[in-house]
Each structure stands twice: as structure tokens, then as C-alpha cells.
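An overview of the molecular structure
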Amino acid sequence: MSNDFEAINFLIRNGSAIEAINQLEQYVEADKTCADAFFLLGKAYHKIGNIKEAIYNYGEAAELEPNSPAAEALKQLQEILDFYNTDLYNP
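Residue positions within a chain follow its written sequence, with the count starting from 1. Totals for whole chains, interfaces and linings use all residues, but because this is a predicted model, local features are given only for residues with pLDDT of at least 70 and pairs of side-chain atoms are given and counted only at 80 or more. Side-chain numbers here rest on the full set of heavy atoms in the structure, without hydrogens or water.

**Observations concerning the overall build of the protein chain**
- Helix and strand assignments come from DSSP, with helices taken as H or I runs of at least 4 residues and strands as E runs of at least 2, each series counted from the N terminus. A count of helical and extended segments in the protein chain gives five helices and zero strands.
- Going from the N terminus to the C terminus, the protein chain shows its helices and strands as α-α-α-α-α.
- Along the longest, intermediate and shortest principal axes, the C-alpha atoms of the protein chain span 50 × 30 × 20 Å.
- Each residue gets one of three labels from its accessible area relative to the maximum for its type: buried under 20%, exposed over 50%, partly exposed in between, using a 1.4 Å probe on protein chains only. The proportion of buried residues among the 91 residues of the protein chain is 34%.
- Whether two residues are in contact is decided by their heavy atoms, any of which lying within 4.5 Å being enough. Of all intrachain contacts in the protein chain linking residues separated by at least 6 positions in sequence, the fraction that spans at least 24 positions is 39%.
- In this description, accessible areas are obtained by the Shrake-Rupley approach with a 1.4 Å probe, and a residue is regarded as covered only by the protein chains that are shown. Put simply, the protein chain shows about 6000 Å² of open surface, and 50% of that area lies on carbon and sulfur atoms.
- In this tally, Lys and Arg are treated as positive and Asp and Glu as negative; His is ignored, and so are the chain termini. Where a charge lies is defined by one atom per residue type, namely NZ (Lys), CZ (Arg), CG (Asp) and CD (Glu). For the protein chain, the separation between the mean place of its 6 positive charges and that of its 15 negative charges on side chains is 4 Å.

Now the structure itself:
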């Protein structure tokens, strides 16, 4: 990961996900083949609770690099969303 992406990752981890999203959106507009940018964009959207955009961006990154951390993040997020506990509906 480049220094720019490390700085963006720092923003995401430290509560500036919106700023990171703005920077990453510009980056992916210019280069739609960078899996790292899509992964970080997914991570930033996940951080602010926009699950739809997180899934989309993790998916884009996983499509570009199937063995990337984005593929695992996408899998974990889908497992969370697929969780169904019948005890919660039948007390």
C-alpha cells in the first residue's frame, strides 16, 4: 500500500472517514483498477455505517484482486447480514 493509502487508512481509523471517502472517490474516478482504493473506500463506508456502499466497494476490490483482504471483508460482512436467529422472533 502506498503512503497516500496509509495516510487515508489513518484517517479512517481515527474518525475522519468522510474526509477519506472524499479523497478516495476522486482517486477511483481517475483509476478504476486500483483494488486498494476500492478496499479502503469500502472500509470507510463501513466505518460510517453505509453498508450498501461498503459491500459494493469491497466487491469491486475483490473482483480486481480475488485474494485481497477485501474478499475476506466482503465475506465477513455478508455473514453478519445473513445471520438469522429464530429465537429473536419466537420468544
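**Describing helix α5 (residues 69–82)**
- Between its terminal C-alpha atoms α5 stretches 20 Å, which fits the 20 Å expected from 14 residues at 1.5 Å a residue.
- Within α5, burial applies to Ala-70, Ala-73, Leu-74 and Leu-77. Taken end-on, α5 shows its buried residues confined to a sector of 100°, consistent with a single buried face.
- Taken together, the buried residues of α5 touch α3 (35–48) and α4 (51–64). Helix span, expected: 1.5 Å multiplied by one less than the number of residues in the helix. This arc corresponds to the set of directions leading from the helix axis out to the C-beta atoms.

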